Amino acid sequence: MPFVPAAHDDPNPTCFRRGAKTPWVPAFAGARSPKGSRGFESSGRSAQQGFSLIELLVVIVIIGLLATIVAINVIPAGNQARVEKAKADIATLEDALEQYRLDNLTYPSTSDGLQALLAPPPGLAQPERYRQGGYIRKLPEDPWGHPYLFQAPGRSGAFDVYSLGADGQTGGEGDNADIYSSDR
């Protein structure tokens, strides 16, 4: 039977097992026992052991819950960002239409549409007043990939620039709701 010193003895005891030539350090001293001994190890898991299936499943469930929480909070923010981008694009188009009106003394007709901001429309009364290079470099598409629409006169003003929303159809609610310049 190996010799085990009392807890009050030397804090780093080095004892020899009977007949052994290598020192034996007990587990309570915080050191690992030598190879081949049957002493206790201070670490709970050796390098050869892996994770159990239950441990892996618990980790996967936790990751899944975190991903769900993130998705629930991020997806609506993306939809709101699309609506805000559409409003910003409409404001830019409104500014270009105001510049068009200042130079040409009228807004483009509904039939001329927003294309009148890129090139002079064929029925323009005084084409020499049209700004060289147009009023906008490129007509943007709404965040859902549809062109912005133009109507003159508008619902409650001289014109409306609008997007039909995510569904591309008149009416709708939420992301599918139409976004009009006159609603701002």
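Just so you know, these numbers come straight off a predicted model, no measurement behind them.

Student: Got a minute to help me understand unusual backbone geometry in this structure?
Tutor: Working note: non-glycine residues mostly have negative phi, and peptide bonds are mostly trans. A cis amide bond links A152 to the next residue, P153, at an omega of -5°. Looking at the secondary structure, you find P153 in the loop between β3 (149-151) and β4 (160-163).

Student: Would you explain the packing of aromatic side chains in this entry?
Tutor: Both the distance between ring centres and the angle between the ring planes are used here to describe each pair of aromatic rings. Scanning the entire structure with this criterion turns up 6 aromatic pairs. A ring pair is formed by Y107 and F159, whose centres lie 4.7 Å apart and whose planes are at 55°; its orientation type is tilted. Separated by 52 residues along the polypeptide, Y107 in the loop between α1 (53-104) and β3 and F159 in the loop between β3 and β4 bring together distant segments of the chain. The exposure class of Y107 is buried, given its relative accessible area of 18%. Using a relative accessible area of 10% as the deciding quantity, one classes F159 as buried. Each residue in the set Y100, Y130 and Y135 is aromatic and connected to the rest through ring pairs, giving one cluster. The ring of Y180 is capped by R155, whose NZ or CZ atom sits 3.7 Å from the centre of that ring.

Student: Explanation requested: the nonpolar core in the structure shown.
Tutor: Grouped burial of nonpolar side chains is what soluble globular proteins tend to show. Of all hydrophobic cores here, the largest spans 22 residues; its most connected members are L93, L97, Y100, L114, L117, Y148 and V161. Take this core: its biggest share by element is 7 residues, from α1. For L97, the contacting residues outside a window of four places in its chain are Y107, P108, L114, L117, F150, F159 and V161.

Student: Quick question: what am I supposed to make of the sheet that holds β4 here?
Tutor: Within a sheet, adjacent strands bond to each other through the backbone by hydrogen bonds, running parallel or antiparallel. Strands sit in the order β3-β4-β5 across an open sheet of 3 strands; the sheet is antiparallel. Taken across any chain shown, the strands that pair with only one partner, and hence form the sheet edges, are β3 and β5 (179-180). As judged from the 3 bridges shared by β3 and β4, these two strands associate in the antiparallel manner. Note on β4: the bridge partner recorded for L149 is Y162. Sheet contacts for α1: β3, β4 and β5; angle to β4, the most-contacted strand, approximately 155°.

About the cut-offs
- Residues numbered from 1 in each chain as written.
- Predicted model: local features only at pLDDT ≥ 70, side-chain atom pairs only at ≥ 80, totals over all residues.
- Heavy atoms only, no water.
- Helix = DSSP H or I, 4+ residues; strand = E, 2+ residues; numbered from the N terminus.
- Phe/Tyr/Trp six-rings, centres within 6.5 Å; stacked < 30°, edge-to-face > 60°.
- Buried < 20%, exposed > 50% of the residue type's maximum accessible area, 1.4 Å probe, protein only.
- Lys NZ or Arg CZ within 6 Å of the ring centre and 35° of its normal.
- Core = buried A, V, L, I, M, F, W, Y, C linked by side-chain atoms within 4.5 Å.
- Contact = heavy atoms within 4.5 Å.
- Pairing = 2+ DSSP bridges.
- Axes fitted to C-alpha atoms, helices over the stretch in contact; angles between N-to-C directions.

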